[in-house]
Protein chains: 2
Amino acid sequence: MDRSSEKIYKEACNVLTGGISRNTVYRKPYPNYVNYASGCRINDIDGVERIDFANNMAALIHGHAYPPIVDAVIEQLKIGTAYTMASETEVTFARHLCERIDGIERIRFVNSGTEAVMTMIKASRAYTGKPKIAKTEGAYHGTYDFAEVSQFPDPSTWGDIDKPNSVPLAYGTPKGVLDDVIIFPFNDIERTIAILDQHADEIACVLLDPVPHRVGLVPGSNEFIEAIYNWTRKNNGLMVFDEVVTLRVSYGGAQDKYPVKPDLTALGKIIGGGFPVGALGGREDVMKVLDPREPKLLFPHSGTFSANPITMTAGYVAMRDFDKEAVEKLNALANKAISQVEEAVKIADVPVSITGAGSMFRIHLRPTPPKTYREAHQTPETKSVINDLLDYLYYKEKMLLINTLACMFSTAITQNEVDSLSEGLLRAFKEMKPKIEKLQK
Amino acid sequence: MDRSSEKIYKEACNVLTGGISRNTVYRKPYPNYVNYASGCRINDIDGVERIDFANNMAALIHGHAYPPIVDAVIEQLKIGTAYTMASETEVTFARHLCERIDGIERIRFVNSGTEAVMTMIKASRAYTGKPKIAKTEGAYHGTYDFAEVSQFPDPSTWGDIDKPNSVPLAYGTPKGVLDDVIIFPFNDIERTIAILDQHADEIACVLLDPVPHRVGLVPGSNEFIEAIYNWTRKNNGLMVFDEVVTLRVSYGGAQDKYPVKPDLTALGKIIGGGFPVGALGGREDVMKVLDPREPKLLFPHSGTFSANPITMTAGYVAMRDFDKEAVEKLNALANKAISQVEEAVKIADVPVSITGAGSMFRIHLRPTPPKTYREAHQTPETKSVINDLLDYLYYKEKMLLINTLACMFSTAITQNEVDSLSEGLLRAFKEMKPKIEKLQK
């Protein structure tokens, strides 16, 4: 066959905007198309095999084509993928997640992380009757416009740190949306509380990713999370967590390590076992806004593919097998990887630092880890060196990372792949040392 | 085994809000759980087999466990369900849809109809730079809050027909959302144009479902669609179609029958082949707002599960096999069903009417078909008789309809099932005749 990625991409440009359906997979001069994938290896149709440290943007906790998921899904496939009726697997999976995650007493499934965060924000408004939300500057929470305000502000737009601007991501975002989103700096208790206080009566929820990737992949401090929790108690608002990415960090999610629990939690990614998924869980009394049995249903909500038995089956198997032991084992391997990469940084003697939590970590081209979004924000020069590094790793070292220089491990990764990663990075650091050093000038 | 739906539902209530994950599947005293489904038959774990006329809310064009989809998905399952890379199947499927649907030159896939409509509205704002949208009173467009304004107004809230109120669906909907959504009455050219004219400079798009289910499942007239089209040309706005449900109506969607084409079209339901899906397609120049290659990207957008190869594979097989001949055959069968139901109405001598298009139709408990949302709106008395009718059909006649008394056919349905439907309805009409007649008093 004369298929090549270059050729397919040329055809793709005639039917898909930009030739792709997700900006994430776009790559210059063209993306490579997958031939097949298994475990932590992904093979493109041009004949190249790569180690996959991205795992579909952190969504595949067991890597590709995990046999127990494949087998269970085939069984379900034969009896239907979606009904206008209930299926038992949604109850089994719901029970697993309620038992597993402290902050979740009741749950509802949706189809993506974007839908989960949107449903969480709407539920918060319905419960409190208040219109506004507050969110972290720079944090990513999917594509619902309220959730994406100030997802990517830059020095020309972000404004005074004491009162960060609400910066639109998409052109044409209505002013009403911007007015209803309050922005605060992560892990900065004093400034955040002062900002929240200015809108105390209007805030339905404070939305937090406990380890926000784009902010620098640094965990929220105990003190910060507790300060937000206490503020929401005092002001009749909710504290809600976006754990779409961070659930993997600990058996019960990143919320495990805090003494206080969120009122609502949004889930996605790994709980789908490789299939489209999202979920909203939380306190029973708050979740009641969604209950169709209530005499006055505050938040009517449905979804054609929500809780479809394929996603429920795959998700349940994925999470069942990602048990406490598996979580600890994977976190230990990621820690090992971090120390090996730190060793590579030392040997190459480059100004590079690492942040992370659980089975995820991110490499920064700066000598000390960033503490805030504004510190983590990359200049065009930094972004350009990161792209060179990603290309080096992708084309020369044959490994796929997330394009922030982050790794999200799957249980299919072993010490062998960790060695390949640290050795590949060592070569990359040495090769790019002058460029990396220049960024600090 | 001692499993029963009653028992499972009791357990479900401890983990899922209301015991369900979609309000659609809720049923008093409890929903039945599916054991297995095949073609147009669906079997619950309590041992009852039903004919499925709902097809997961119109999403399954070939019914359950359609063998060509099962086979193709199993092949894909073995090589992975989702990658941080592109896959050829998204290009194949995109090409099919672009060739099939006149209004679509470029396409992008998402995960649900809700996401498709949200992406369409955001793309309209990004292209025009305008903040507002206009939508049909009573039309359903998923759960994005801008799209769900006035989805279900009632006489106490809907206001003057010359200037319908923007009525929130969920409690706590921000005022800014309501202010940015303009409501007009479907198929009413004079009033609609007068309403649009009042916001001529601010309207990014006029959002239309060409055969809006909740408005009465009556097609938009040529004159109405043309009037909207011409108004948007004159006022630098877009005309955008929600064809999530209506794509099935004709080979190229409901837009086939109009001389003018929408600038953007949202898709979902049947294009997923039974898996979670949505898509936004449209004019090349408008879709460019999403193109990551543009020097200034107006609408950055991605999605973890967007265009995943399982959905692409299943969707492509479903649509490939729903070719022109299959569409015509299915529409003919639905027309046959409508005449048989009309015959049953005549025999039972009940004040009942039917509306529809293509392979979908809806039964109304009134002697003449409704022409507007306000006519189609049901009093609590009507709703109660409809529920009795649905229960009669579900428990006695063993058939599953959509809870508006609508049928969305799949290609698995044959003349046998049509006969069962009309005979079942005849018995139901006879049984409920006094109740149905009383509604007209």
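Asks: Report on the domain arrangement of chain A, specifying residues and quantitative values.
Replies: All names here are of chain A. Partitioning chain A into domains gives domain 1 (67-321) and domain 2 (324-438). Here domain 1 and domain 2 have C-alpha centroids that lie 27 Å from each other. Every contact between the two is made by 28 residues of domain 1 and, on the other side, 25 residues of domain 2. Remark: the boundary between domain 1 and domain 2 carries one salt bridge. Between Arg374 and Glu137 there is a salt bridge, and its shortest N-O distance comes to 2.7 Å. Summed over the shared surface of domain 1 and domain 2, the result is 13 residue pairs in polar contact (both at pLDDT 80 or more).

Asks: Tell me about the packing of aromatic side chains, residues and numbers included.
Replies: Scanning the entire structure with this criterion turns up 23 aromatic pairs over all chains. Pairing Phe241 of chain A with Tyr258 of chain A gives two aromatic rings, centres 6.2 Å apart and planes at 85°, and the pair type is edge-to-face. Separated by 17 residues along the polypeptide, Phe241 of chain A in strand β8 (residues 238-242) and Tyr258 of chain A in the loop between β8 and β9 (264-267) bring together distant segments of the chain. Neither Phe241 of chain A nor Tyr258 of chain A differs from the other in exposure class; each is buried. Relative to Phe146 of chain B, the ring of Tyr144 of chain B has its centre 5.3 Å away and its plane inclined at 45°; by these criteria the two rings are tilted. The pair Tyr144 of chain B / Phe146 of chain B is uniform in exposure class, with both members buried. Aromatic rings pair up to connect Tyr144 and Phe146 of chain A together with Tyr144 and Phe146 of chain B into one cluster.

Asks: Outline the packing of helix α8 (residues 189-197) of chain B against helix α9 (residues 222-234) of chain B, supporting the account with residue identities and numerical values.
Replies: Residue and element names in this part refer to chain B. Look at α8 against α9: their axes get within 10 Å of each other, and the N-to-C directions meet at 15°. Of the possible angle classes, the one that applies to α8 and α9 is roughly parallel. In this structure, the crossing between α8 and α9 has a hand that is right-handed. From α8, Ile189, Thr192, Ile193, Leu196 and Asp197 reach across to α9, where they touch Glu223, Phe224, Ala227, Ile228 and Trp231. Taken together, the residues that form the contact of α8 with α9 break down as seven nonpolar, one polar and two charged.

Asks: Lay out the interface of chain A and chain B in plain terms, naming residues and giving numbers.
Replies: Note on interface size: it is often stated as the accessible area lost on association of the parts. Taken together, the contacts link 110 residues of chain A with 110 residues of chain B. By the criterion of area lost to chain B, the three top residues of chain A are Thr17, Thr84 and Met85 of chain A, representing 8% of everything that side buries. For the pair chain A and chain B, the number of links is eight salt bridges. Here Glu11 of chain B ties to Arg95 of chain A by a salt bridge, and the two come within 2.8 Å at their closest N and O atoms. Across the contact surface, chain A and chain B share 56 residue pairs in polar contact (both at pLDDT 80 or more). For the side of chain A that touches chain B, the class distribution of residues is 59 nonpolar, 28 polar and 23 charged.

Asks: Requested: an account of the relation of the copies chain A and chain B, with residues and values cited.
Replies: With an axial shift of 0.0 Å and an RMSD of 0.0 Å, the rotation relating chain A to chain B amounts to 180°. Classification of the inter-copy transformation places it as that of a two-fold axis. Proximity to the rotation axis, assessed at the C-alpha, singles out Gly176 of chain A in chain A; its C-alpha lies 2.3 Å from the axis. Interface overlap between copies is the fraction of interface residues in one copy that are interface residues in the other; for chain A against chain B it reaches 100%, indicating a shared surface.

Asks: I'd like a rundown of the sheet that holds strand β8 (residues 238-242) of chain B, residues and numbers included.
Replies: All names here are of chain B. Taken in spatial order, the seven strands line up as β4-β10-β9-β8-β7-β5-β6 in an open sheet, and their pairing is mixed. Of all the strands in the sheet, the pair left with one neighbour each is β4 (106-110) and β6 (181-184). On average, each strand axis in the sheet is tilted by 20° relative to the strand beside it, whichever way the strands run. Here β8 runs beside strand β9 (residues 264-267); their pairing, made up of three bridges, is parallel.

Asks: Quick one: what's the story with the pairing of strand β3 (residues 49-52) of chain A, residue by residue and with numbers?
Replies: Residue and element names in this part refer to chain A. One ladder, built from three bridges, connects strand β2 (residues 41-44) with β3; its direction is antiparallel. Note that in β3 the partner of Ile42 across the bridge is Arg50. If you look at the hairpin formed by β2 and β3, you'll find four residues sitting between the two strands, and Gly47 has a positive phi there, around 95°. The sheet contact formed by β3 and strand β13 (residues 399-400) spans two bridges and is parallel. Across the sheet, residue Asp52 finds its bridge partner in β13, namely Leu400.

Asks: An account of the pattern of salt bridges is requested, with residue identities and associated values reported.
Replies: Applying the stated rule across the entire model yields 52 salt bridges over all chains. Glu417 of chain B is the partner of Arg41 of chain B in a salt bridge, and the nearest nitrogen-oxygen pair spans 2.6 Å. With Arg41 of chain B in strand β2 (residues 41-44) and Glu417 of chain B in helix α15 (residues 415-438), the pair connects residues that are 376 residues apart, well separated along the chain. Judged by its relative accessible area of 7%, Glu417 of chain B is buried. With its nearest N and O atoms 2.9 Å apart, the salt bridge here joins Asp44 of chain B to Arg50 of chain B. Judged by its relative accessible area of 3%, Arg50 of chain B falls in the buried class. Several salt bridges share partner residues, and in doing so they unite Arg233, Asp263, Arg283 and Asp285 of chain A into one network.

What counts, and where the lines are drawn
Residues numbered from 1 in each chain as written. Chains lettered and ligands numbered in written order. Predicted model: local features only at pLDDT ≥ 70, side-chain atom pairs only at ≥ 80, totals over all residues. Heavy atoms only, no water. Domains from an automatic or database assignment. Contact = heavy atoms within 4.5 Å. Salt bridge = Lys/Arg side-chain N within 4 Å of Asp/Glu carboxyl O. Polar contact = N/O pair within 3.5 Å; in protein donor to acceptor, adjacent residues only side chain to side chain. Phe/Tyr/Trp six-rings, centres within 6.5 Å; stacked < 30°, edge-to-face > 60°. Helix = DSSP H or I, 4+ residues; strand = E, 2+ residues; numbered from the N terminus. Buried < 20%, exposed > 50% of the residue type's maximum accessible area, 1.4 Å probe, protein only. Axes fitted to C-alpha atoms, helices over the stretch in contact; angles between N-to-C directions. Parallel < 35°, antiparallel > 145°, perpendicular 65-115°, else oblique. Left-handed = near helix turned anticlockwise from the far one by under 90°. Nonpolar A, V, L, I, M, F, W, Y, C, P; charged D, E, K, R; others polar. Buried area = accessible area lost by both parts, 1.4 Å probe. Least-squares fit on C-alpha atoms with pLDDT ≥ 70 in both. Pairing = 2+ DSSP bridges.

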